[in-house]
Amino acid sequence: MERVFRCLLTFLLCLVAVMECLQVLLRYILEMPIMWLDESIIFPAIWLYMLGCANASRENTQIVAKILPVFFSSPRQTAFFDLCAQCFSAVISSWLTWHAVEYFFYAFETDRKTGYLFLPMTIGETALCAGMLLITWYTLVQLVNSARHMRALRHKGEPPCS
């Protein structure tokens, strides 16, 4: 799965960069803007953003500020607060996924198109929905891992949280 994410994200990043460089070159240097290029860059960009977020969720490399381990020296206490954070993350990502799925079905029903190429806007809404589903899945996996870690510490004979 890591290789799939790496290849897909690299391709999308290169595609967005080439499209943007082409647009800048045509618009500001040659003074011949291509309007459809502006609207078509949106789709690989949103797929890049959402799959990048899902990949960060998969690798558990989101930006976090772990201040609590400074105050609590016990590994069990730290594991407890990590478990709480994963619970909050799971609830929030599930809620956002619910809205992303609802929005996808709404967008599918309305069948909106882009202005110049008349591309279906569901290409972007699919990225939002797929990205949030992946983010929620990986968040739930991290939640299970945190619960297992907490349980392992409890069975290891760590002193109880005080």
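Scroll up a little and you will see the structure.
If you're wondering where the values come from, they're calculated on a predicted model, not measured in any experiment.

Definitions and cut-offs
- Residues numbered from 1 in each chain as written.
- Predicted model: local features only at pLDDT ≥ 70, side-chain atom pairs only at ≥ 80, totals over all residues.
- Heavy atoms only, no water.
- Helix = DSSP H or I, 4+ residues; strand = E, 2+ residues; numbered from the N terminus.
- Rg over C-alpha atoms; globule rule 2.2 N^0.38 Å.
- Buried < 20%, exposed > 50% of the residue type's maximum accessible area, 1.4 Å probe, protein only.
- Areas by Shrake-Rupley, 256 points an atom, 1.4 Å probe, with all protein chains shown as cover.
- Lys, Arg positive; Asp, Glu negative; His and termini not counted.
- Charge placed at Lys NZ, Arg CZ, Asp CG, Glu CD.
- Salt bridge = Lys/Arg side-chain N within 4 Å of Asp/Glu carboxyl O.
- Axes fitted to C-alpha atoms, helices over the stretch in contact; angles between N-to-C directions.
- Parallel < 35°, antiparallel > 145°, perpendicular 65-115°, else oblique.
- Left-handed = near helix turned anticlockwise from the far one by under 90°.
- Contact = heavy atoms within 4.5 Å.
- Phe/Tyr/Trp six-rings, centres within 6.5 Å; stacked < 30°, edge-to-face > 60°.

1. Some details on the overall build of the protein
Right, on to step 1. For the protein, the helix and strand inventory stands at 6 helices and 0 strands.
Right, on to step 2. Its helices and strands taken in sequence order, the protein reads α-α-α-α-α-α from the N to the C terminus.
Right, on to step 3. Taken over the C-alpha trace, the protein has a radius of gyration of 21 Å; the compact-globule value for 162 residues is 15 Å, which it surpasses by more than 25%.
Right, on to step 4. Taken along the three principal axes of its C-alpha coordinates, the protein extends 70 × 40 × 30 Å.
Right, on to step 5. A burial count over the protein gives 31% of its 162 residues as buried.
Right, on to step 6. For the protein, the exposed surface amounts to about 10900 Å²; the carbon and sulfur share of it is 71%.
Right, on to step 7. Computed over 12 positive and 12 negative side-chain charges, the inter-centroid distance for the protein is 16 Å.

2. Considering the pattern of salt bridges
Right, on to step 1. Taken as a whole and judged by the stated rule, the model has 5 salt bridges.
Right, on to step 2. For Asp111, the salt bridge identified is with Lys113, shortest N-O distance 3.4 Å.
Right, on to step 3. The exposure class of Asp111 is partly exposed, given its relative accessible area of 40%.

3. A few points about the packing of helix α1 (residues 2-29) against helix α3 (residues 42-59)
Right, on to step 1. At a minimum axis distance of 9 Å, the contact between α1 and α3 shows a crossing angle of 150°. What the angle tells us is that α1 and α3 run roughly antiparallel. For the pair α1 and α3, the crossing hand works out as left-handed. Contact with α1, carried on its side by Glu2, Phe5, Leu8, Leu9, Leu12, Leu13, Leu15, Val16 and Met19, involves Pro44, Ala45, Trp47, Leu48, Leu51, Gly52, Ala54, Asn55 and Arg58 of α3 and no other residues of that element.

4. Points about the packing of aromatic side chains
Right, on to step 1. For the structure on display, the rule yields 5 aromatic pairs.
Right, on to step 2. Taking 5.4 Å as the distance between ring centres and 70° as the angle between the ring planes, the aromatic pair formed by Phe80 and Phe81 counts as edge-to-face.
Right, on to step 3. Of the residues examined, Phe81 reaches a relative accessible area of 29% and is grouped as partly exposed.
Right, on to step 4. Among the aromatic residues, those joined into a cluster by ring pairs are Phe104, Phe105 and Phe108.

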